[in-house]
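Residue-level structure breakdown
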Amino acid sequence: MDSIVSNSSEYDQSIDWVPLSLTFVEYPKGNIFGKLLALFSLTPFVILSGFISLILFRRDLHTITFFFGVLLNEICNTVLKHILREPRPLARNTNLLYSEYGMPSSHSQFMWFFASYMLYFTFIRLQYANNKAFKEFFWKVAGAVSCIAIACIVSYSRIFLQYHTWKQVIYGALFGIIIGTIWFTIINVVLTPYFPTVISWKISELFLLRDTTLIPNVLWFEYTNIRHEAGARARRRKSISAKSQ
């Protein structure tokens, strides 16, 4: 016991330790609704994980540029916070864990950037050349409504959990929509025409980058090609097996 005490006394007591508040979310004890909102407030981190997974495994230029827009949106949020310098609400002592400013809400800005971009992408970029127009339109609307609904829930969670005021959340949403609109326009009008040139570079071949812009339904394209390739390989195996017998 004496050795444990002596060892602990060797630590520098003058160091101030602060928690990493990146994913730290508090909610009222015993409040199921508050706990659910706290879980929804982690949605931006889920989306970021999805981006990283897609970039590593798909290596599509549009996904990469979309991700750059997410990073740009976060940089703009940080700059705006240090320009506006509006503190977080004082409903409870959140400043012990959150030293940054509260205007605009980063969660709200992130989610509305993502939702607005996905809305434009769904109804402008996704064009299907088939006879299932109603079915495709239904899934487009369902996807757009889901993105907007989740953005609303995450935004409200920041108010309910007392991390932001209504004004901070609303301004975060407005900035997110504006930046999302500008970034989609830049990608769709300025950057996309250069994608075929970019993928022809040696460094793009080295990192297996690809451009799926002209493919209307990437999931269906990959499904049919993988199914065709798997069927061809199965037929070749059967042919080799038959010849060996």
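A quick note: this is a predicted structure, and the numbers were derived from the prediction, not measured.

Criteria and cut-off values
Residues numbered from 1 in each chain as written. Predicted model: local features only at pLDDT ≥ 70, side-chain atom pairs only at ≥ 80, totals over all residues. Heavy atoms only, no water. Helix = DSSP H or I, 4+ residues; strand = E, 2+ residues; numbered from the N terminus. Contact = heavy atoms within 4.5 Å. Salt bridge = Lys/Arg side-chain N within 4 Å of Asp/Glu carboxyl O. UniProt positions renumbered as here; feature names shortened; annotations may be inferred. Polar contact = N/O pair within 3.5 Å; in protein donor to acceptor, adjacent residues only side chain to side chain. Buried < 20%, exposed > 50% of the residue type's maximum accessible area, 1.4 Å probe, protein only. Arc of directions from axis to C-beta. Core = buried A, V, L, I, M, F, W, Y, C linked by side-chain atoms within 4.5 Å. Patch = residues over 30% accessible without salt bridge, like charges linked within 9 Å, V, L, I, M, F, W, Y side chains within 5 Å. Areas by Shrake-Rupley, 256 points an atom, 1.4 Å probe, with all protein chains shown as cover. Axes fitted to C-alpha atoms, helices over the stretch in contact; angles between N-to-C directions. Parallel < 35°, antiparallel > 145°, perpendicular 65-115°, else oblique. Left-handed = near helix turned anticlockwise from the far one by under 90°. Nonpolar A, V, L, I, M, F, W, Y, C, P; charged D, E, K, R; others polar.

**Observations concerning the overall build of the protein**
Counting secondary structure elements, the protein contains ten helices and zero strands. If you list the helices and strands of the protein from N to C, you get α-α-α-α-α-α-α-α-α-α. A sequence separation of at least 24 residues applies to 72% of the contacts in the protein between residues at least 6 apart.

**Some details on the pattern of salt bridges**
Tallied over the entire structure, the rule returns one salt bridge. Note that glutamate 86 is salt-bridged to lysine 167, the shortest N-O span being 3.3 Å. Here the residue glutamate 86 occupies a position in the loop between helix H4 (61-84) and helix H5 (106-125), and lysine 167 occupies one in helix H7 (residues 166-191), the gap between them amounting to 81 residues.

**A few points about the UniProt feature "transmembrane region" (unreviewed entry) in the protein**
Those residues carrying the UniProt feature "transmembrane region" (unreviewed entry) are residues 36-57, 110-128, 137-157 and 169-191 in this numbering. Between the first and last C-alpha atoms of residues 36-57 the distance is 31 Å; the span itself is 91% helix and 0% strand. Across residues 137-157 one finds 100% helix and 0% strand; the C-alpha atoms that close the span lie 30 Å apart.

**Points about the side chain of asparagine 77**
Checked against the element boundaries, asparagine 77 lands in helix H4. Polar contacts involving the side chain of asparagine 77 include one to the main-chain carbonyl oxygen of proline 104, which spans 3.2 Å.

**Details of the environment of asparagine 73**
Considering the arrangement of structural elements, one finds asparagine 73 in helix H4. Judged by relative accessible area, which is 0%, asparagine 73 ranks as buried. Considered as a pair, asparagine 73 and glycine 180 are 107 residues apart in the sequence and their alpha carbons are 8.0 Å apart. Excluding its chain neighbours within four sequence positions, the residues that come into contact with asparagine 73 are Gln109, Phe110, Phe113, Gly176 and Ile179.

**Focus on helix H2 (residues 32-40)**
Buried residues of H2: Gly34, Leu37 and Ala38, and no others. In a view along the axis of H2, the buried residues occupy a sector of 105°, so they form one face of it. For H2, exposure combined with an orientation more than 90 degrees from the buried face picks out Ile32 and Leu39. The inward-facing, buried residues of H2 contact helix H6 (133-160). If you check the start of H2, you find a side-chain oxygen 3.1 Å away from the backbone N of phenylalanine 33, and it comes from asparagine 31.

**Remarks on unusual backbone geometry**
When glycine is set aside, most residues are seen to have a negative phi, and most peptide bonds are trans. Here the amide bond leading from methionine 103 into proline 104 is cis, since omega sits at -5°, within 30 degrees of zero. Here proline 104 is to be found in the loop between H4 and H5. For glutamine 162, which is not glycine, the phi torsion reads 65° and is therefore positive. Mapping glutamine 162 onto the fold places it in the loop between H6 and H7. Even without being a glycine, leucine 208 presents a positive backbone phi close to 55°. Inspection of the secondary structure assignment puts leucine 208 in the loop between helix H9 (202-206) and helix H10 (218-244). By relative accessible area, which is 58% here, leucine 208 ends up exposed.

**A short note on the nonpolar core**
With 22 residues, the main nonpolar core has Phe51, Phe66 and Tyr117 as its most contacted residues. In terms of residues, this core owes the most to one element, H5, which gives eight residues. In contact with phenylalanine 66, not counting residues within four places along its chain, are Phe51, Phe113, Phe114, Tyr117, Met118, Trp183 and Ile187.

**So, a nonpolar patch on the surface**
Together, Phe33, Tyr156, Trp166, Ile170, Tyr171, Leu174, Ile178, Ile182, Ile186, Val189 and Val190 line one region of the surface with nonpolar side chains, adding up to about 1,000 Å² of accessible area. The dominant element in the nonpolar patch, judged by the number of residues it contributes, is H7, at nine residues. Within the fold, isoleucine 182 resides in helix H7.

**Things to note about the packing of helix H3 (residues 43-57) against H4**
Orientation of H3 relative to H4, taken along the N-to-C sense of each, is 150°, at an axis distance of 10 Å. When the axis of H3 is compared with that of H4, the two are roughly antiparallel. When you trace H3 past H4, the crossing you get is left-handed. Counting all contacts with H3, which are made through Leu48, Phe51, Leu54 and Ile55, the residues of H4 involved are Thr63, Ile64, Phe66, Phe67 and Val70. Split into classes, the residues belonging to the contact of H3 with H4 amount to eight nonpolar, one polar and no charged.

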